[in-house]
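Given next are the chains, with one letter for each unit.
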Amino acid sequence: MHVLVLGGTAEARRLAELLTARPDTRVTTSLAGRVAAPRTPPGALRIGGFGGAEGLAGWLRAHAVAAVVDATHPFADTISRNAAHAAALTGVPLLVLRRPGWAAVAGDDWREAGSLAQAAALLPALGRRVFLTTGRMGLAAFANLEELWFLVRSVEPPEGPCPARREVLLDRGPFTLDGERELLRRHRVDVLVTKDSGGAATAPKLTAAREAGLPVVVVRRPPVPDGVPVVTGPEAAARWVGLSGPGRPEFPPG
Ligand code: NAP
């Protein structure tokens, strides 16, 4: 069976590893093409947008896809909505693979924000030197905070309007606790902004902020599209794929 994995995460790569080990399964991982040198998974790779939900539906039909796993980043909500729409159009079974979000523990000083704009609105009351780890997109939300200084960390250089007072640090996780402690200290950071991305690779900044007594603005995740089943790990996703192929009980007729 041919499985399409919508990728861009470590979990998607792990799922591709698990599925390519099966003799009866062919895997294509799809990447958006945002990163110049992506970490590539085993199996086939295609890069670039599909052209919306209809484009994705056409791709599923043209390539006889038997199941789709949306293993994109928790904040990549356009492709997730497109995948749900394409699955409805084609009847191809769809699963969402989302790593669990982070949870505050004793000693954390977290403020929730529903969007990057809400996160920006909270900042002037919280600090002057901001460690901004929300990625290179959407920095326009912080561009009018002229009194604040930003350490912007992203994999690729930021695009579009950005805060004027900033230093850009191009880096890709996993990050270490010692490294995060040192960054906060060296740049005299007094507030951290993060998406609720979840996962271990970028979590040490939360521990470092807790240790330093810093407030953290956590941007909430967009919801998973209605009615789409969700698992939190690659192993569970691989089991679901095993149950979704042609001839298997859960595979929808037609
Ligand atoms: P997005 O806003 O949900 O998607 C925008 C458009 O990019 C989609 O409509 C689709 O274009 C294309 N696209 C997105 N993911 C794709 C994929 N896996 N394969 C093919 N086309 C894809 O996505 P985003 O937030 O820009 O994220 C892009 C990629 O980076 C995703 O694969 C995601 O897993 C990864 N990523 C995102 C974040 C984040 O914070 N958002 C962080 C780390 C990694 P068409 O409509 O033309 O099909």
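This structure is a prediction, so every number in the text was calculated from the model and none was measured.

Asks: Just checking my understanding: could you explain unusual backbone geometry for this structure?
Replies: Negative phi values dominate among residues other than glycine, just as trans dominates among peptide bonds. Here Gly 173 and Pro 174 are connected by a cis peptide whose omega angle stands at 5°. Mapping Pro 174 onto the fold places it in the loop between strand E9 (166–170) and helix H5 (177–186). One non-glycine residue with positive phi stands out, namely Ala 64, at about 45°. Within the secondary structure layout, Ala 64 lies in the loop between helix H2 (52–62) and strand E4 (65–70). A positive phi angle, close to 50°, is found at Arg 188, a residue other than glycine. Along the chain, Arg 188 falls in the loop between H5 and strand E10 (191–195). What makes Arg 188 exposed here is its relative accessible area of 57%.

Asks: What exactly am I supposed to notice about the domain arrangement of the chain here?
Replies: By a frequent convention, interface size equals the accessible area lost on bringing the separate parts together. Partitioning the chain into domains gives domain 1 (2–100 + 223–243) and domain 2 (110–219). The distance between the C-alpha centroids of domain 1 and domain 2 comes to 29 Å. Contacts between the two partners involve 11 residues from domain 1, matched on the other side by 12 residues from domain 2. Carbon and sulfur atoms supply 48% of the area that domain 1 and domain 2 bury against each other, a total of about 870 Å² over both sides. Its largest share of buried area at the contact with domain 2, domain 1 owes to Arg 34, Arg 39 and Phe 75, together 54% of the area lost on that side. Linking domain 1 with domain 2 are 0 salt bridges, by the criterion used here. Scanning the region where domain 1 abuts domain 2 turns up 7 residue pairs in polar contact (both at pLDDT 80 or more).

Asks: So what exactly am I meant to see when it comes to the packing of aromatic side chains here?
Replies: Aromatic ring pairs: the centre-centre distance and the angle between the two ring planes describe each pair. Counted under the stated rule, the structure contains 2 aromatic pairs. Ring geometry for Phe 50 and Trp 59: centres 5.8 Å apart, planes at 75°, overall edge-to-face. Their ring planes at 65° and their centres at 6.0 Å tell us that Phe 142 and Phe 150 sit as a pair that is edge-to-face. The two residues Phe 142 and Phe 150 agree in class, both being buried. We note Arg 129 situated over the ring of Trp 149; from NZ or CZ to the ring centre the distance is 4.0 Å. Its end group placed over the ring of Phe 175, Arg 153 keeps NZ or CZ at 3.6 Å from the ring centre.

Asks: Before we go on, may I ask you to explain the nonpolar core in this structure?
Replies: General note: in soluble globular proteins, nonpolar side chains tend to be found buried as a group. Core analysis: the biggest nonpolar cluster contains 20 residues, and Leu 123, Val 130, Leu 132, Phe 142, Phe 150, Val 193 and Val 217 have the highest contact counts within it. It is helix H4 (residues 116–122) that provides the largest number of residues to this core, a total of 3 residues.

Asks: Would you take a moment to explain the packing of H2 against helix H3 (residues 77–90) for this structure?
Replies: To describe two helices that pack against each other, one gives the angle between their axes and the distance between the axes. Where H2 contacts H3, the axes come no closer than 8 Å and their chain directions differ by 50°. Between H2 and H3, the crossing angle belongs to the class labelled oblique. In the packing of H2 onto H3, the handedness of the crossing is right-handed. Across from Gly 52, Ala 53, Glu 54, Leu 56, Ala 57, Leu 60 and Arg 61 in H2, the residues of H3 making contact are Asn 82, Ala 83, His 85, Ala 86, Leu 89 and Thr 90.

Asks: Sorry if this is basic, but what is going on with helix H6 (residues 204–212) here?
Replies: Structural remark: α-helix, 3.6 residues per turn; residues separated by three or four positions point the same way. Three or more residues of H6 are buried, namely Pro 204, Lys 205, Leu 206, Ala 208 and Ala 209. Close packing links the buried residues of H6 with strand E6 (109–113), strand E8 (149–154), H5, E10 and strand E11 (215–219). Positive backbone phi, approximately 70°, marks Gly 213, located one or two places after H6.

Asks: Hey, could you run me through the sheet that holds E8 in this one?
Replies: Sheet strands pair by backbone hydrogen bonding; their relative direction is either parallel or antiparallel. The 6 strands are arranged E6-E11-E10-E7-E8-E9 in an open sheet whose pairing can be described as parallel. Each end of this open sheet is capped by a strand with a single partner; those strands are E6 and E9. Across the sheet, the mean angle separating the axes of adjacent strands is 20° when strand polarity is ignored. Bridge analysis of strand E7 (residues 129–132) against E10 gives 3 bridges, and the strand direction is parallel. Looking at E10, one finds that Val 130 is bridged to Val 191. Where H5 meets the sheet, its contacts fall on E7, E8 and E9, and the angle it forms with E8 comes to roughly 155°.

Asks: Would you take a moment to explain the pattern of salt bridges for this structure?
Replies: If charged atoms from side chains of opposite charge come close, those side chains can pair. Across all of its chains, the model carries 15 salt bridges by this definition. Between Glu 235 and Arg 14 there is a salt bridge, with its nearest N and O atoms 3.6 Å apart. Here Glu 235 is found in helix H7 (residues 234–244), whereas its partner Arg 14 is found in helix H1 (residues 10–20), with 221 residues between them in sequence. Linking Glu 182 and Arg 185 is a salt bridge whose minimum nitrogen-to-oxygen distance equals 3.0 Å. On the criterion of helical spacing, the pair formed by Glu 182 and Arg 185 is a turn pair, its members being 3 residues apart in helix H5. Overall, Arg 185 belongs to the exposed group, its relative accessible area being 55%. When salt bridges with common partners are traced through the structure, they connect Arg 14, Glu 17 and Glu 235 into a single cluster.

Calculation criteria
- Residues numbered from 1 in each chain as written.
- Predicted model: local features only at pLDDT ≥ 70, side-chain atom pairs only at ≥ 80, totals over all residues.
- Heavy atoms only, no water.
- Helix = DSSP H or I, 4+ residues; strand = E, 2+ residues; numbered from the N terminus.
- Buried < 20%, exposed > 50% of the residue type's maximum accessible area, 1.4 Å probe, protein only.
- Domains from an automatic or database assignment.
- Contact = heavy atoms within 4.5 Å.
- Buried area = accessible area lost by both parts, 1.4 Å probe.
- Salt bridge = Lys/Arg side-chain N within 4 Å of Asp/Glu carboxyl O.
- Polar contact = N/O pair within 3.5 Å; in protein donor to acceptor, adjacent residues only side chain to side chain.
- Phe/Tyr/Trp six-rings, centres within 6.5 Å; stacked < 30°, edge-to-face > 60°.
- Lys NZ or Arg CZ within 6 Å of the ring centre and 35° of its normal.
- Core = buried A, V, L, I, M, F, W, Y, C linked by side-chain atoms within 4.5 Å.
- Axes fitted to C-alpha atoms, helices over the stretch in contact; angles between N-to-C directions.
- Parallel < 35°, antiparallel > 145°, perpendicular 65-115°, else oblique.
- Left-handed = near helix turned anticlockwise from the far one by under 90°.
- Pairing = 2+ DSSP bridges.

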